[in-house]
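Fold and geometry: a report
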Amino acid sequence: MLLEFDSDQRFWQQTVREAVGRHCPPALVRDVVDRGADPGALWKLYVEQGWTALTDPADAVELTIVLEELGRATDPTPYLATMTQYAPLAGAAEPAVAGAALFDGVAAHRDGAGWRLDGTAQVLDGDRAERLAVATGAGVFVLPAAAVSARRIAVFDPVLHVAQVTLDGVRVAESDRVATDVARAKAAALTGLAATGVGACARVLELVVAHVRERKQFGAPIGSFQAVQHKAADMHIAVQRARALTYWAALTASAADPRAPLAAVMAKAAAGECQALVFRNGLQLFGAMGFTWENDVQFALKRAKAVDLLLGGADEHRATIAREYRAAVV
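Residues numbered from 1 in each chain as written. Predicted model: local features only at pLDDT ≥ 70, side-chain atom pairs only at ≥ 80, totals over all residues. Heavy atoms only, no water.

1. A word on the overall build of the protein
The test is simple: Going along the chain from the N terminus, every DSSP run of H or I of four or more residues is numbered as a helix, and every run of E of two or more is numbered as a strand. Here the globule rule is a power law, 2.2 Å times the number of residues to the power 0.38, and the radius of gyration is based on C-alpha atoms. Burial classification: accessible surface area is computed with a 1.4 Å probe over protein chains only, and a residue below 20% of its type maximum counts as buried, one above 50% as exposed, and the rest as partly exposed. The Shrake-Rupley method, run with a 1.4 Å probe sphere, supplies the accessible areas, and residue values consider only the shown protein chains as cover. The positive count covers Lys and Arg only, the negative count covers Asp and Glu only, and His and the chain ends enter neither. To locate a charge, take atom NZ for lysine, CZ for arginine, CG for aspartate or CD for glutamate.
What the protein contains, in helices and strands, is 10 helices and 10 strands. In terms of overall size, the protein behaves like a compact globule, its C-alpha atoms giving a radius of gyration of 20 Å where 330 residues would be expected to give roughly 20 Å. For the C-alpha atoms alone, the extent of the protein along its principal axes is close to 80 × 55 × 35 Å. Per-residue burial over the protein gives 49% buried out of 330 residues. When the accessible surface of the protein is totalled, it reaches about 15,200 Å², and 55% of it is carbon and sulfur. For the protein, the distance from the average site of its 33 positive side-chain charges to the average site of its 37 negative ones is 6 Å.

The following block contains the structure:
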């Protein structure tokens, strides 16, 4: 299984990076946060460019490339939740529909010829989704977002939408139930979060390197000091490790490899460990400037931290890896 991009993938990466850089600059992210700007035009662009059509597992690597670039840009649209959580769980391609997914917290009970859903969960983009995919012990149900109650929750990433979604006796028909491999859908969600985290961490590293080349102490750029170089090198290694595992997870998904669920867990754990080191070193190398609102590094740091916490942090996924290893060797 090759871990190098081919020429088409390199061209795709360049195309996506240029488009994101042009249409989702830091100024747009600040407008969304400071002035409540609507990112709807950006979402429409993704739809028109065909980025929301990458729902086939065979396109997993291409989708991961997009997600990494959107992580670098702190994308303010519902692309992450729609493409890596809703679409895999719903098992259907709806290119122009924003969606969200509930992987746990909801119970299904028989209600005549249909079902009744009850439960509460914190859901990425649950407040602005048009459709919801809900995983229960009785299967996965797809329903309109208008059928539930959703309230956005304030989180430390000011661009990210997280909502408390409540289903109180929501009635659905048997025809709303879909046959989906929930384990593989969750693996896709974990890989998507890992790719987003890798992109955010890469952005932090990019900003740090630019800063230490310009910032001077004792008449020399601080990037010339060995201690600074070591911290930057550690950040680079952590990003590269997490990126390699993330694309390996994407490759296993595209090849329908049975290792895909474990690969996704490994990618999510590596991305979480990466953000912890990048967050610590990135802030330290920026000094007091790293804590200011005017510094763009804050958005990438917050996005990296947020996606680590969604669907379980690094410690939880490392424990899963350990259990899988023990089960294999016993």
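There is more to say, and it comes next.
2. What about the packing of helix α4 (residues 60–73) against helix α7 (residues 226–254)?
Going by this rule: Inter-axis angles, ranging from 0 to 180 degrees, are taken between N-to-C directions of lines fitted to C-alpha atoms, where helices are fitted over the stretch in contact. In what follows, a contact means two residues having at least one pair of non-hydrogen atoms within 4.5 Å.
Taken N-terminus to C-terminus, the directions of α4 and α7 make an angle of 145°; their axes are 8 Å apart at the nearest point. Mapping the contact onto sequence places Ala60, Val61, Thr64, Ile65 and Glu68 in α4 and Arg243, Thr246, Tyr247, Ala250, Leu251, Ala253 and Ser254 in α7.

3. Details of empty space enclosed by the protein
Rules: The method works on a 1 Å grid over the protein atoms by themselves. A cavity is a set of points holding a 1.4 Å probe that cannot get out, a pocket is an open set with protein on both sides within 12 Å along at least five of seven lines, and residues with an atom within 4 Å of a point line them. Grid points are joined across faces, edges and corners, and a volume is the space filled by probe spheres set on the points. Charged means Asp, Glu, Lys or Arg here, nonpolar means Ala, Val, Leu, Ile, Met, Phe, Trp, Tyr, Cys or Pro, and polar covers whatever is left, Gly included.
Within the structure shown, the criterion is met by 3 cavities of 30 Å³ or more. Each pocket or cavity is described by its volume, and for the largest cavity that value is around 110 Å³. What lines the largest cavity is a set of 15 residues, and nearest its centre among them are Asp75, Thr77, Leu80, Thr196 and Arg303. Looking at the lining of the largest cavity, the elements that each hand over two or more residues are α4 and α5 (79–90). Looking at the lining of the largest cavity, its residues break down into 8 nonpolar, 3 polar and 4 charged. Lining the second largest cavity we find Thr52, Thr55, Thr82, Met83, Tyr86, Ala87, Ala92, Ala93, Glu94, Pro95 and Val97. Across the lining of the second largest cavity, the residue classes break down as 7 nonpolar, 3 polar and 1 charged.

4. Quick word on the nonpolar core
Inclusion rule: Nine residue types can take part in a nonpolar core, namely buried Ala, Val, Leu, Ile, Met, Phe, Trp, Tyr and Cys, and a core is a set of them joined through side-chain atoms within 4.5 Å.
One finds Val204, Val208, Met235, Val239, Cys274 and Val278 to be the most contacted residues of the largest nonpolar core, which totals 32 residues. Mapped by element, the contributors of at least two residues to this core are α6 (182–214), α7, α8 (260–286) and α9 (297–309). In this structure Val239 touches Val198, Cys201, Ala202, Cys274 and Val278, once residues within four positions along its chain are discounted. Of all hydrophobic cores here, the second largest spans 31 residues; its members include Trp43, Leu54, Val66 and Leu193.

5. Observations concerning the pairing of strand β4 (residues 131–136)
The condition is simple: Any two strands with at least two DSSP bridges between them are considered paired.
Along β4, 5 of the 6 residues are buried, which leaves the element largely enclosed by surrounding structure. Bridge count between strand β1 (residues 99–102) and β4: 4 bridges; the pairing is parallel. Residue pairing in the sheet places Leu102 in a bridge with Val134 of β4. Relative to strand β5 (residues 139–144), β4 runs antiparallel, the two being bridged by 6 bridges. Looking across to β5, one finds that Leu132 is bridged to Leu143. The loop that links β4 with its antiparallel partner β5 comprises 2 residues.

6. Quick notes on the sheet that holds β4
Strand order in the open sheet formed by 4 strands is β1-β4-β5-β8, and the pairing between neighbours is mixed. Only two strands of the sheet have a single partner each, and these edge strands are β1 and β8 (177–178).

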